[in-house]
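Results of the structural survey
So the chains spell out like this:
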Amino acid sequence: DVKVTQSSRYLVKRTGEKVFLECVQDMDHENMFWYRQDPGLGLRLIYFSYDVKMKEKGDIPEGYSVSREKKERFSLILESASTNQTSMYLCASRSGQTKIHQPQHFGDGTRLSIL
Amino acid sequence: AQSVAQPEDQVNVAEGNPLTVKCTYSVSGNPYLFWYVQYPNRGLQFLLKYITGDNLVKGSYGFEAEFNKSQTSFHLKKPSALVSDSALYFCAVRDRRQNFVFGPGTRLSVLP
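Describing the overall build of chain B
- When its secondary structure is counted, chain B shows zero helices and twelve strands.
- Across its three principal directions, the C-alpha atoms of chain B cover 40 × 30 × 20 Å.
- Looking at chain B residue by residue over its 112 residues, the buried ones come to 47%.
- Considering only contacts within chain B whose residues lie at least 6 apart along the sequence, 54% involve residues at least 24 apart.
- When the accessible surface of chain B is split by element, carbon and sulfur atoms take 48% of a total near 5,200 Å².
- Mean positive and mean negative side-chain charge positions of chain B (11 and 8 charges, respectively) differ by 8 Å.

Some thoughts on the packing of aromatic side chains
- Applying the stated criterion to the full structure yields 18 aromatic pairs over all chains.
- An angle of 15 degrees between the planes, with centres 4.1 Å apart, marks the rings of Tyr50 of chain B and Phe67 of chain B as stacked. Of the two residues, Tyr50 of chain B sits in strand β6 (residues 44–50) while Phe67 of chain B sits in strand β8 (residues 64–68), which places them 17 residues apart along the sequence. Taken individually, Tyr50 of chain B and Phe67 of chain B each receive the classification buried, so the pair is uniform in this respect.
- These aromatic residues form a ring-pair network of at least three members: Phe33, Tyr35, Phe48, Tyr50 and Phe106 of chain A together with Phe34, Tyr36, Phe46, Phe100 and Phe102 of chain B.
- Lys78 of chain B extends its terminal NZ or CZ atom over the ring of Phe63 of chain B, reaching a point 5.0 Å from the ring centre.

With respect to the interface of chain A and chain B
- Tallying the contact residues gives 26 residues for chain A and 21 residues for chain B.
- Between chain A and chain B lies a buried interface of about 1,900 Å² when both sides are counted; carbon and sulfur atoms form 49% of it.
- Counting across the chain A and chain B interface gives one salt bridge.
- Measuring nitrogen to oxygen at the nearest pair gives 3.0 Å for the salt bridge that ties Arg42 of chain B to Asp108 of chain A.

Some words on the state of the cysteines
- Applying the stated criterion to the full structure yields two disulfides over all chains.
- Shown here is the disulfide that connects Cys23 of chain A with Cys91 of chain A, its sulfur atoms set 1.9 Å apart. Judged by the sign of its S-S torsion, about -75 degrees, the bond between Cys23 of chain A and Cys91 of chain A is left-handed. Pair noted here: Cys23 of chain A is in strand β4 (residues 23–25) and Cys91 of chain A is in strand β10 (residues 87–94), with a separation of 68 residues, a long-range link.
- Here Cys23 of chain B connects covalently by a disulfide to Cys91 of chain B, the sulfurs 2.0 Å from one another. The disulfide joining Cys23 of chain B to Cys91 of chain B has a torsion of about -65 degrees about its S-S bond and is therefore left-handed.

What about the pattern of salt bridges?
- According to the stated counting rule, one finds eleven salt bridges over all chains in the structure shown.
- Between Lys71 of chain A and Glu30 of chain A there is a salt bridge, and its shortest N-O distance comes to 3.9 Å. Here the residue Lys71 of chain A occupies a position in the loop between β8 (64–70) and β9 (73–78), and Glu30 of chain A occupies one in the loop between β4 and β5 (31–38), the gap between them amounting to 41 residues.
- By relative accessible area, Lys71 of chain A is classed as partly exposed at 24%.
- Salt-bridge contacts for Lys78 of chain B lead to Asp85 of chain B; the nearest nitrogen and oxygen are separated by 2.8 Å. Taken as a pair, Lys78 of chain B and Asp85 of chain B share a single burial class, namely buried.

Remarks on unusual backbone geometry
Residues and elements named next belong to chain A.
- One non-glycine residue, Asp28, adopts positive backbone phi at about 60 degrees.
- Assignment of secondary structure puts Asp28 in the loop between β4 and β5.
- The phi dihedral of Lys53 falls on the positive side, at around 65 degrees, and the residue is not glycine.
- Mapped onto the elements of the fold, Lys53 is located in the loop between β6 (42–49) and β7 (56–57).

Here's the deal with the layout of surface pockets
- The computed volume of the second largest pocket comes to approximately 430 Å³.
- Surrounding the second largest pocket, 21 residues form its lining, Gln37 and Pro39 of chain A together with Gln38, Leu88 and Arg107 of chain B being those nearest its centre.
- Here the element with the most residues in the lining of the second largest pocket is strand β10 (residues 87–94) of chain B; it accounts for three residues.
- Taken together, the residues that form the lining of the second largest pocket break down as eight nonpolar, eight polar and five charged.

What counts, and at which threshold
- Residues numbered from 1 in each chain as written.
- Chains lettered and ligands numbered in written order.
- Predicted model: local features only at pLDDT ≥ 70, side-chain atom pairs only at ≥ 80, totals over all residues.
- Heavy atoms only, no water.
- Helix = DSSP H or I, 4+ residues; strand = E, 2+ residues; numbered from the N terminus.
- Buried < 20%, exposed > 50% of the residue type's maximum accessible area, 1.4 Å probe, protein only.
- Contact = heavy atoms within 4.5 Å.
- Areas by Shrake-Rupley, 256 points an atom, 1.4 Å probe, with all protein chains shown as cover.
- Lys, Arg positive; Asp, Glu negative; His and termini not counted.
- Charge placed at Lys NZ, Arg CZ, Asp CG, Glu CD.
- Phe/Tyr/Trp six-rings, centres within 6.5 Å; stacked < 30°, edge-to-face > 60°.
- Lys NZ or Arg CZ within 6 Å of the ring centre and 35° of its normal.
- Buried area = accessible area lost by both parts, 1.4 Å probe.
- Salt bridge = Lys/Arg side-chain N within 4 Å of Asp/Glu carboxyl O.
- Disulfide = S-S within 2.5 Å.
- 1 Å grid on protein atoms, 1.4 Å probe; cavity = no way out; pocket = protein on both sides within 12 Å on 5 of 7 lines; lining within 4 Å.
- Points joined across faces, edges and corners; volume = space filled by probe spheres on them.
- Nonpolar A, V, L, I, M, F, W, Y, C, P; charged D, E, K, R; others polar.

Have a look at this one:
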């Protein structure tokens, strides 16, 4: 089974801090994704990556950046945390472009609170 | 732009009764549709997908979904609900960039 591991289940940070959320997958997937989940809004795509050192903006990239230095690891960075970034963050991975009908596999999420 | 609607925030059903969780979509071109389930404090788990072929798709945990092109719907169904099916359900459609667009989710409560 694919395993997507997010480094923290719960995280509390202060306004203005730089926050790192880490995600690792063990299935050699090319594609990785970061979402935030808010009640009534479903999942919204922040950033995604189709390959190492490659990144693309999703639907709500403002206030975030990402890093993908190795294939298995995709990091989400909040450059200067704000209270409106309090949310559940979900990482996902998927096989590459030749298998685009394959589902995404999700980690268990990081519940981030910005005080 | 691709979009997904789940018209019900909450669905309540008695254990043993059939359940339906509704999803409608808007896409240009052929729709590729997915259902996911989220249990408390967990990530999303894949249930089933429609790519092409039979309109009735079978998936995990006894769930199935019916694709209806004329009604642009992809409703999730199960003949006999279990209390353990209580969770948050998301419908998703693949977008032009081969990523997923998710609906807002429907909370299913199965009452004993």
